[in-house]
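Results of the structural survey
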Amino acid sequence: MHGLPQQIIAEALQDLTTALACDPPHLSWYQLTIEPNTVFYKYPPTLPNDDITWEIQTQGEQILSAAGYTHYEVSAFAKPQQQCRHNINYWEFGDYLGIGAGAHGKVTDLASGTIQRMWKTRNPKDYLDTSKKFLAGTSVIAREQIANEYMLNRLRLFAEVNLRDYEQRTGLPAAELKPILEHAQAKGLVELTTDSLYLTSLGKRFLNDLLQMFLIDEVANA
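The notes below deal with the structure included here. All values derive from a computational prediction rather than experimental measurement.

Rolled over the atoms, a probe sized like a water molecule indicates the empty space that remains. When its volume is computed, the largest pocket comes out at roughly 1100 Å³. What lines the largest pocket is a set of 24 residues, and nearest its centre among them are Gln31, Gln57, Val74, Lys204 and Arg205. Breaking the lining of the largest pocket down by element, the ones donating at least two residues are α3 (50–66), α9 (201–205) and α10 (207–212). Per-element tally for the lining of the largest pocket: the top contributor is α3, with 5 residues. Among the residues making up the lining of the largest pocket, the classes are represented as 9 nonpolar, 8 polar and 7 charged.

The next subject is the environment of phenylalanine 206. In this fold, phenylalanine 206 is placed in the loop between α9 and α10. Phenylalanine 206 gets classed as partly exposed once you look at its relative accessible area, which sits at 39%. Each C-alpha atom of the pair phenylalanine 206 and leucine 189 lies 7.7 Å from the other, and the pair is 17 residues apart in sequence.

Before going further, it helps to spend a moment on the side chain of threonine 121. Note on placement: threonine 121 falls in the loop between β5 (114–120) and α5 (124–128). Apart from residues no more than four positions distant in its own chain, threonine 121 is found in contact with Ala101, Gly102, Asp126, Tyr127, Lys133, Phe134 and Ala136.

Below, the discussion takes up the pattern of salt bridges. Counted by the stated rule, this structure contains 11 salt bridges. Ionic pairing is found between glutamate 92 and arginine 169, a salt bridge with its closest N-O pair at 3.8 Å. Here glutamate 92 is found in the loop between α4 (85–91) and β4 (104–109), whereas its partner arginine 169 is found in helix α7 (residues 163–170), with 77 residues between them in sequence. Note on glutamate 92: relative accessible area 28%, which makes it partly exposed. In this structure, lysine 132 and aspartate 126 form a salt bridge, with 2.9 Å as the shortest nitrogen-oxygen distance.

So, about the packing of aromatic side chains. Applying the stated criterion across every chain yields a total of 6 aromatic pairs. Between the aromatic rings of tryptophan 29 and phenylalanine 77, the centroid separation amounts to 6.4 Å while the plane-to-plane angle is 65°, which identifies the pairing as edge-to-face. Pair noted here: tryptophan 29 is in the loop between β1 (26–28) and α2 (39–42) and phenylalanine 77 is in strand β3 (residues 76–78), with a separation of 48 residues, a long-range link. Of the two residues, tryptophan 29 and phenylalanine 77, neither departs from the other in class, the shared state being buried. Taking 4.7 Å as the distance between ring centres and 70° as the angle between the ring planes, the aromatic pair formed by tyrosine 90 and tyrosine 96 counts as edge-to-face. Through pairs of rings, three or more aromatic residues link up here, namely Tyr90, Trp91 and Tyr96. The lysine or arginine in question, lysine 106, covers the ring of phenylalanine 93, its NZ or CZ lying 4.0 Å from the ring centre. The ring of tryptophan 91 carries the charged tip of arginine 156 above its face, separated from the ring centre by 4.4 Å.

What counts as what
- Residues numbered from 1 in each chain as written.
- Predicted model: local features only at pLDDT ≥ 70, side-chain atom pairs only at ≥ 80, totals over all residues.
- Heavy atoms only, no water.
- 1 Å grid on protein atoms, 1.4 Å probe; cavity = no way out; pocket = protein on both sides within 12 Å on 5 of 7 lines; lining within 4 Å.
- Points joined across faces, edges and corners; volume = space filled by probe spheres on them.
- Helix = DSSP H or I, 4+ residues; strand = E, 2+ residues; numbered from the N terminus.
- Nonpolar A, V, L, I, M, F, W, Y, C, P; charged D, E, K, R; others polar.
- Buried < 20%, exposed > 50% of the residue type's maximum accessible area, 1.4 Å probe, protein only.
- Contact = heavy atoms within 4.5 Å.
- Salt bridge = Lys/Arg side-chain N within 4 Å of Asp/Glu carboxyl O.
- Phe/Tyr/Trp six-rings, centres within 6.5 Å; stacked < 30°, edge-to-face > 60°.
- Lys NZ or Arg CZ within 6 Å of the ring centre and 35° of its normal.

Next comes the structure, spelled out in structure tokens:
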């Protein structure tokens, strides 16, 4: 992690090179984010300014590339054939079962047109108590939310987004996304082909701005 309180460029890059000295096949490397409901949020530390964090990110990516790592996901770098398949399934909007206290799952039933999320009770004691239900709740993703949920996950991966895959994963026509994608292309955030889209360098840097375009109101008005 970089962009730590009062961190300078040299310190951040030294942390990275120290990690690379262990020759890991896969590495997560990303900037500190101050999350709500944390001590840091209540008492904000002094963080490096945007110019410093930009330089850390830029130089760090150059170091990782020179060491043979591909930046394949927002916060992940991997050597050839070493991408995390477990996480890729999440980012590709795949299905999975949640097993254990607090676990989440996702199941798609395109025959009925539903995509359902479910979660288990968080307390291990309650989860192991056979007299209680271990399933804490379920929810069906509303149709108008599906595009945003898909893109929120899929655009974490920097590989090509195939729009036919979007249709297969969501059960929705990709044509509905055309106005949004053309708007994103006009802003230089994506490049479009007949059936695919690619994040540009600008799109990778300003991914949150791109994701904002897929929020419920935007999709509903498309």
